[in-house]
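Fold and geometry: a report
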Amino acid sequence: MSFARRDPQVSAAGPGSAAIGRDNSGSLTINQFLASTPDVSWPLRVGVVPHRADSFQDRSGVPVPPAGTTLVLTGMGGVGKSQAAASLAERLLADGELDLLVWLAAGTRPAILTGYAQAARDLGIGQDSGVDADAARFHAWLATTGRRWLVVVDDLARPADLSHFWPPASGTGRTVVTTRLRVAALRGDGRTLLPVGVFQPEEAERYLTARLAEHPVLADDLAVAADLHLLPLALAQATAFMIDEQVPCSAYRARLAGRSARLDDLVPAPDDLPDDYDRTVASTLALSVEAADRSRPAGLARPLLELAAVLDPAGIPVELFTAPAVRAWLPGGAVAEAAVRSGLRTLHRLNLITESGGIVAIHGLVQRAVRERLDPDRLAEVALAAAGALTEIWPQTDPDQNLEVRLRLNVTALWRATGDTLVTQRCEVLFRAAASLGDIGLPSQAAAGFEEVLAAALRLLGPDHPDTLVARHEAARWHGVAGDPGRALAAFQRLLTDLLRVSGPEHPNTLSARHEIAVWRAESGDLKRALAELRSVLDDRIRLLGPDDATTLITRSNIARTLGRAGHPAAARAQFQELLTDMNRVFEPTDAAVLTTRHEIAFWLGHSGDTAGAAAEFARLHAELVRILPRDHPNIAACRAALAQWRGHAGDPAGAVTDLEAVLLDLDRTYGPAHPSTLIARASIAVFLGEAGDAKAAVAGLAALVPDLERVAGPDNARTLVTRFNLARWLGEAGDPGGAIAELDEVIAAMLRTLGPDHPDTLKARVVHAWWRARTGQAGPHALDRVIADLRRHLGPEHPTIALAVSYAEQLA
């Protein structure tokens, strides 16, 4: 071999390195010492290669690095990086592609140099002149030999530990590095970083099946792999425990789920760990945590990791970590945002978290290992910091649906990880998460969320605690919004009794309960009594809170709306006009309350008979909303739908269908097919298809919609019943009056049961039912007289259902 192009003075620079060359004492030149290498039995192994793990799963994604390159396997502790490197090395040896395999335990720089020096001695080129000198000789030999070699640097703790001793690029050599790091210093110079993750589900199942093959009775529930978050090391140690203790997978899962169990309690004793591993999962992960906390900025990594350990492992917004509540809580207080971000990058570099695209992800077992080292007081501190940050970053005005989904998942994870702390000290974040479900059109889920908080509050705080009473209030309200006004009314009546006792008659919460009783009484059909109750609440709110208080204005809004529903649309519109004047004085023109009032004015203008004017008002409101709100804001979609509907009512049903179909596409894309707004748009399209002359298309659309509504909202939900009513109506128009009557028989029975006999929807269903019975000869020509009498008794003279009934009666006459 020729070395003509190489400098004969090869130096391994750095502290303690030894130059190889000629001096007055007769040291060998590089050519001479290489030439003096004694006979070696090839292939040669240096260092201890880990034994192949029991039931080893070949990670096919780990390639053989080309000659002259370095493959860096990076990943969190316990994913099997060393096993993957050992498998690759043994494969190359078995295929006859290696003359030399060197395995370096690379925990420290001295350990690396000692491994190099041992290789020099095993090759016969060491001179016993010290570790550094022999290490330098071996490093130089790697650069010049024609032998095929592989150096594995296992568990590199710091790139600096290989400074000036990175295995050289050589046409006959390869290098594999395993490390928990992912830092810039590991890139470049022919190095390729390859992330090594946890098992795929099928790999984990194969591993468990093979590992427990001799103990099949233990393999009764392979879902234990998911409980261990597919971490290879955790699966190895768990199966060893199962075999040693004869604990089946199902029982292991139960122990793992128990709050009192610790990871170290569910693995063999340290001396009995499988696969030559000398650390448990928990202690393996703890090493990375300790390294992170020593890194700059010192002392921040651990508390940031503690925070991540109680939140959603799949995605925590970075802005949560930089929220004021967290920065004030971190050591030293008022920590700069840049320092927090630097701390997160430290955790990322050590593979304890993954930060990408403004989201932090963390492995579930890392979370558990961190939490298990927190005493109850510290866990409560972390929980309160996380809750405070969640509250601070939650959108207060314009909803961001994707962000709110992520925040809700984090609240759920926080509650699960920290137990009762949130309920006893920070209920507001639980309230915010539940309410946000209702805000995006999922009232049933919102009600269920508040019921869950209520159950915990009753247990921990007692029935009279303010947070318990708030949870009762919100659960009742969302049950009403979800279509069960009777349940809401009864719940608020019970709540009012307790509020009068606990808070007194003039407390704002007591006034709120009275207000809600009136609202849900109106929804249940008793409009006259509801109006009287609302006016009484308004008087007390003006007296106690003032005319410009937000709750006073809300009460005025509900009075106007109830007036309109009671058959006085012109009066409703006039009252909303007066309310708008006051709201413009109290709020900004773009405030949600102002925009909602403008929506109501347009709505009742249409119901007063000016359908074209309503369409024009909605067009102006839509232009304003598009200017000030995000494109996918639900209020924009609602306004577009209303605009299309009133254009249809104004004489263009086909145009309404076209516009509503465009709205439906956007709603389906933004909110999904089960969202209430999406379902309402489908109902409107079907009705206007009928109005445009295609009764059969209306029937088809409504018939397809009913089962979806029954599944999403329930069979007795008011929206479901109204849709069934419309289906019956268009069945009759499509030539099936018998089908219409049969459907209306069921709908009216359900409405009487859930809404009551005086509800406007029940009365309207009775009108259409009487009409079709008279048309088919099942009732006489005066079948509508009784219904009209009931309408006039319960609804105002301007109510459109009275006009419909009178029109039908005239046709029968």
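What comes next is a walk through the structure.

Conventions and cut-offs
Residues numbered from 1 in each chain as written. Predicted model: local features only at pLDDT ≥ 70, side-chain atom pairs only at ≥ 80, totals over all residues. Heavy atoms only, no water. Helix = DSSP H or I, 4+ residues; strand = E, 2+ residues; numbered from the N terminus. Rg over C-alpha atoms; globule rule 2.2 N^0.38 Å. Buried < 20%, exposed > 50% of the residue type's maximum accessible area, 1.4 Å probe, protein only. Contact = heavy atoms within 4.5 Å. Areas by Shrake-Rupley, 256 points an atom, 1.4 Å probe, with all protein chains shown as cover. Lys, Arg positive; Asp, Glu negative; His and termini not counted. Charge placed at Lys NZ, Arg CZ, Asp CG, Glu CD. Pairing = 2+ DSSP bridges. Axes fitted to C-alpha atoms, helices over the stretch in contact; angles between N-to-C directions. Parallel < 35°, antiparallel > 145°, perpendicular 65-115°, else oblique. Left-handed = near helix turned anticlockwise from the far one by under 90°. Phe/Tyr/Trp six-rings, centres within 6.5 Å; stacked < 30°, edge-to-face > 60°. 1 Å grid on protein atoms, 1.4 Å probe; cavity = no way out; pocket = protein on both sides within 12 Å on 5 of 7 lines; lining within 4 Å. Points joined across faces, edges and corners; volume = space filled by probe spheres on them. Nonpolar A, V, L, I, M, F, W, Y, C, P; charged D, E, K, R; others polar. Salt bridge = Lys/Arg side-chain N within 4 Å of Asp/Glu carboxyl O. Expected span 1.5 Å × (residues − 1). Core = buried A, V, L, I, M, F, W, Y, C linked by side-chain atoms within 4.5 Å.

Our focus in this paragraph is the overall build of the chain. Looking only at helices and strands, the chain has 36 helices and 11 strands in total. Against the globule reference of 28 Å for 813 residues, the chain gives a C-alpha radius of gyration of 37 Å, more extended than a compact globule. For the chain, the C-alpha atoms occupy an extent of roughly 130 × 60 × 55 Å along the three principal directions. Going through the 813 residues of the chain one by one, you find that 51% of them count as buried. Within the chain, residue pairs in contact and separated by at least 24 positions form 67% of the contacts whose partners lie at least 6 positions apart. Accessible area of the chain: about 34900 Å², with a carbon and sulfur share of 52%. Between the mean site of the 81 positive side-chain charges and the mean site of the 97 negative ones, the chain shows a separation of 2 Å.

Quick look at the sheet that holds strand β3 (residues 44–46) now. Pairing between the strands of a sheet is mediated by backbone hydrogen bonds and can be parallel or antiparallel. Taken together, the six strands give an open sheet; going across it, the order is β3-β5-β6-β7-β4-β8, and neighbouring strands pair in parallel fashion. At either margin of the open sheet sits one strand with a lone partner, and together these are β3 and β8 (191–195). In this sheet, adjacent strand axes meet at a mean angle of 15° when their direction is disregarded. Pairing between strand β4 (residues 70–74) and strand β7 (residues 173–179): five bridges, direction parallel. Counted as the bridge partner of Leu71 is Val176 from β7.

Turning next to helix α14 (residues 364–371). Counting buried positions along α14 yields seven of eight residues, so the element is predominantly enclosed. The complete set of buried residues in α14 reads Gly364, Leu365, Val366, Gln367, Arg368, Ala369 and Val370. Residues of α14 that are buried make contact with α7 (232–245), α8 (249–257), α9 (281–294) and α10 (301–308).

We now examine the sheet that holds strand β9 (residues 316–317). Spatially, the three strands line up as an open sheet ordered β9-β11-β10, and their pairing is antiparallel. Where the open sheet ends on each side, the last strands, each with one partner, are β9 and β10 (354–356). Sheet topology places β10 next to strand β11 (residues 359–361); three bridges connect them, and they run antiparallel. Each residue of the ladder has a partner; that of Thr354, found in β11, is Ala361.

A separate point is the packing of helix α5 (residues 201–211) against α7. In the contact formed by α5 and α7, the axes pass within 11 Å of each other and the chain directions differ by 30°. By the angle between their axes, α5 is roughly parallel relative to α7. Seen along the crossing, α5 lies across α7 with a hand that is right-handed. Mapping the contact onto sequence places Ala204, Tyr207, Leu208 and Arg211 in α5 and Leu235, Ala236, Thr239, Ala240 and Ile243 in α7.

To continue, consider the packing of aromatic side chains. Scanning the entire structure with this criterion turns up 10 aromatic pairs. Taking 5.9 Å as the distance between ring centres and 35° as the angle between the ring planes, the aromatic pair formed by Phe199 and Tyr207 counts as tilted. Per residue, the accessibility class of Phe199 equals that of Tyr207, and both read buried. Taking the centre distance of 6.2 Å and the plane angle of 65° together, the rings of Trp771 and Trp772 count as edge-to-face. As far as burial versus exposure is concerned, Trp771 and Trp772 are alike and both buried. Grouped by ring-pair contacts, the aromatic residues Tyr116, Phe138, Trp141 and Phe165 constitute a single cluster.

For residues besides glycine, phi is generally negative; the peptide bonds are generally trans as well. Residue Pro43 is reached from Trp42 by a cis peptide bond, and omega for that bond is -5°. Checked against the element boundaries, Pro43 lands in the loop between α1 (30–35) and β3. Its identity is not glycine, yet Ala334 carries a phi of approximately 50°, on the positive side. Along the polypeptide, Ala334 turns up in the loop between α12 (324–329) and α13 (337–349).

Okay, the side chain of Glu372 next. Residue position: Glu372 is located in the loop between α14 and α15 (376–393). Overall, the relative accessible area of 13% leaves Glu372 in the buried class. Once you skip the residues sitting within four places of it in the chain, Glu372 turns out to touch Ala261, Arg262 and Leu263.

Moving on to empty space enclosed by the protein. Gaps between atoms show up when a probe of the same size as a water molecule is rolled over them. For the structure on display, the rule yields one cavity of 30 Å³ or more. Each pocket or cavity is described by its volume, and for the largest cavity that value is around 40 Å³. Around the largest cavity, the lining residues are Leu228, Ala234, Ala238, Tyr252, Leu263, Val267 and Val281. Residue composition of the lining of the largest cavity, by class: seven nonpolar, no polar and no charged.

A word on the pattern of salt bridges. One pass over the structure, following the stated rule, counts 44 salt bridges. A salt bridge links Arg640 to Asp666, with the nearest nitrogen and oxygen atoms 2.7 Å apart. In this pair, Arg640 is assigned in helix α28 (residues 634–649) and Asp666 in helix α29 (residues 653–671), connecting sequence segments 26 residues apart. What makes Arg640 partly exposed here is its relative accessible area of 24%. Between Arg724 and Glu746 there is a salt bridge; the shortest N-O distance is 2.6 Å. Highlighted residues: Arg724 in helix α32 (residues 718–733) and Glu746 in helix α33 (residues 737–754), separated in sequence by 22 residues. For Arg724, a relative accessible area of 10% gives the class buried. A relative accessible area of 48% places Glu746 in the partly exposed class. One connected set of salt bridges, linked through shared partners, spans Asp464, Arg472, Asp498 and Arg501.

Before going further, it helps to examine α33. Between its terminal C-alpha atoms α33 stretches 25 Å, which fits the 26 Å expected from 18 residues at 1.5 Å a residue. The secondary structure elements touched by the buried residues of α33 are α32 and α34 (760–775). One or two residues past the end of α33 sits Gly756, with phi positive at roughly 100°.

In the contact formed by helix α19 (residues 443–460) and helix α20 (residues 466–481), the axes pass within 8 Å of each other and the chain directions differ by 160°. Regarding the angle of α19 to α20, the classification is roughly antiparallel. Crossing geometry of α19 relative to α20 is assigned as left-handed. On α20, the residues that touch Pro443, Ala446, Ala447, Phe450, Glu451, Leu454, Ala457 and Leu458 of α19 are Thr468, Ala471, Arg472, Glu474, Ala475, Trp478, His479 and Val481. Partitioning the contact of α19 with α20 into residue classes produces 11 nonpolar, two polar and three charged.

Before going further, it helps to spend a moment on the nonpolar core. The biggest cluster of nonpolar side chains holds 149 residues, and the ones touching the most others in it are Phe138, Tyr252 and Leu307. Among the elements that take part in this core, α15 stands out by supplying nine residues, more than any other. Residues in contact with Leu307, not counting those within four places in the same chain, are Leu320, Phe321, Val326, Trp329, Val382, Ala385 and Ala386. Counting residues in hydrophobic clusters, the runner-up holds 43 residues, among them Val687, Ala698, Ala728 and Trp730.

A few words on the pairing of β4. Counting buried positions along β4 gives five out of five residues, so the element sits mostly inside the fold. Alternating positions in β4 separate into two faces, Thr70, Val72 and Thr74 on one and Leu71 and Leu73 on the other, with burial throughout. As judged from the five bridges shared by β4 and β8, these two strands associate in the parallel manner. Across the sheet, residue Val72 finds its bridge partner in β8, namely Leu193.

Read these as geometric descriptors, not functional statements.
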